[in-house]
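The lines below spell out each chain.
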Amino acid sequence: MPRSSESAPSPRPRVTADDLDLAVRHAVAVLRQAPPGAWEAKAGSLEWDCWETVEHLSDDLFAYAAQLGPRTPPLDGDVPFVWESRRPGGPANAIHANRDAGPAGLLQVLEASGALLVAMVRTASPQTRAHHVFGVSDPEGFAAMGIVETLVHTHDLAAGLGLAWSPPSDLCSRVLARLFPNAPSSTDPWPTLLWATGRAELPGRPRLTTWRWDGTPRA
């Protein structure tokens, strides 16, 4: 006899442009609480300072939007913007904020870059495919990547700026299911996402020294 609908597996909750918008809004709201003089502190375990880390996050969001932008997105490489560091060891970005605009201007750059990716995820066909170094992905995958970048780098920034940061648990669950399908499901989603991105331990699971997500389009 055919299996009843009650025994069918529940569909995976999809990651949406609204999820990405929520992640960026939460991050910006927290970062606005930073003391003006704190931006030169190191961002958590990163080698970049907090200002550079926001530029890097902005650049990630911009770059993901740019990958989805061409009528025929590239499948074998990045859209060829020029990425360059402002100092030896600094992040190689296409996006750099004008330091004369101060932290408020820096966070405007972050908001604007996030909005570009939100708009591209909303408007691109679900059938769109584009290059990422971890494998070709779709608009949902790029939204999930943008959320992970936002949540995890805000964790780095919060450590450097002395801020509290705990993103919504359901948001973490959705991006774990989309990008880290083999991550443990019995642990709290936010600590699990930090573990999956090499930033924390979990009970019985040491901190990862290498990691990557799986952006492969899902059925």
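Rules used in this analysis
Residues numbered from 1 in each chain as written. Predicted model: local features only at pLDDT ≥ 70, side-chain atom pairs only at ≥ 80, totals over all residues. Heavy atoms only, no water. Phe/Tyr/Trp six-rings, centres within 6.5 Å; stacked < 30°, edge-to-face > 60°. Helix = DSSP H or I, 4+ residues; strand = E, 2+ residues; numbered from the N terminus. Buried < 20%, exposed > 50% of the residue type's maximum accessible area, 1.4 Å probe, protein only. Lys NZ or Arg CZ within 6 Å of the ring centre and 35° of its normal. Axes fitted to C-alpha atoms, helices over the stretch in contact; angles between N-to-C directions. Parallel < 35°, antiparallel > 145°, perpendicular 65-115°, else oblique. Contact = heavy atoms within 4.5 Å. 1 Å grid on protein atoms, 1.4 Å probe; cavity = no way out; pocket = protein on both sides within 12 Å on 5 of 7 lines; lining within 4 Å. Points joined across faces, edges and corners; volume = space filled by probe spheres on them. Nonpolar A, V, L, I, M, F, W, Y, C, P; charged D, E, K, R; others polar. Salt bridge = Lys/Arg side-chain N within 4 Å of Asp/Glu carboxyl O. pLDDT = per-residue confidence, 0-100.

(A) Main features of the packing of aromatic side chains. Summed over all chains, the structure comprises 6 aromatic pairs. Seen in terms of ring centroids, Phe180 and Trp211 are 6.4 Å apart; in terms of plane orientation they differ by 50°. Their pairing is tilted. Note that Phe180 is positioned in the loop between helix 5 (169-179) and helix 6 (189-196) and Trp211 in the segment after helix 6, a separation of 31 residues in sequence. Trp211 gets classed as partly exposed once you look at its relative accessible area, which sits at 32%. On the numbers, 6.1 Å between centres and 55° between planes, the contact of Trp211 with Trp213 is tilted. Connected via pairs of aromatic rings, a cluster forms that spans Phe134, Phe180, Trp211 and Trp213. The positively charged end of Arg205 is found above the aromatic ring belonging to Trp195, 5.5 Å away from the centroid.

(B) Spatial organisation of the packing of helix 1 (residues 17-31) against helix 3 (residues 102-123). Axis separation between helix 1 and helix 3 bottoms out at 9 Å; the angle between their running directions is 175°. Classified by the angle their axes make, helix 1 and helix 3 are roughly antiparallel. Between helix 1 and helix 3, the residues in contact are Ala17, Asp18, Leu20, Asp21, Val24, Val28 and Leu31 and Leu107, Leu110, Glu111, Gly114, Leu117, Val118, Val121 and Arg122, respectively.

(C) Structural view of the layout of surface pockets. When its volume is computed, the largest pocket comes out at roughly 490 Å³. Along the wall of the largest pocket there are 23 residues; nearest its centre are Asp60, Tyr64, His132, Val133 and Glu149. Those elements that place two or more of their residues in the lining of the largest pocket are helix 2 (50-68) and helix 4 (139-161). Element by element, the count of residues in the lining of the largest pocket is highest for helix 2, at 6 residues. Among the residues making up the lining of the largest pocket, the classes are represented as 11 nonpolar, 7 polar and 5 charged.

(D) The arrangement of the pattern of salt bridges in detail. Enumeration according to the criterion identifies 12 salt bridges in this entry. Ionic pairing is found between Asp214 and Arg218, a salt bridge with its closest N-O pair at 3.7 Å. Taken together, the shared-partner salt bridges connect Arg12, Arg14, Asp138, Glu140 and Arg178 into one network.

(E) Region of the structure containing the side chain of His132. You can see His132 is positioned in the loop between helix 3 and helix 4. On the basis of relative accessibility, which here comes to 11%, the residue His132 falls in the buried class. Once you skip the residues sitting within four places of it in the chain, His132 turns out to touch Tyr64, Phe142, Met145 and Trp213.

(F) How the structure looks around the confidence of the model for the protein chain. Mean pLDDT over the protein chain works out to 95, with 95% of the residues at or above the 70 mark. Low pLDDT, under 50, characterises residues 1-5; the predicted model gives this stretch 0 contacts beyond four residues in sequence or across chains.

(G) A look at the packing of helix 2 against helix 4. Between helix 2 and helix 4, whose axes approach to 10 Å, the crossing angle comes to 175°. One element, helix 2, and the other, helix 4, form an angle in the roughly antiparallel class. In this structure, helix 2 uses Cys50, Thr53, Val54, His56, Leu57, Asp60, Leu61, Tyr64, Gln67 and Leu68 to contact helix 4, whose residues at the interface are Pro139, Phe142, Met145, Gly146, Glu149, Thr150, His153, Thr154, Leu157, Gly160 and Leu161. Its residues assigned to classes, the contact of helix 2 with helix 4 shows 11 nonpolar, 8 polar and 2 charged.

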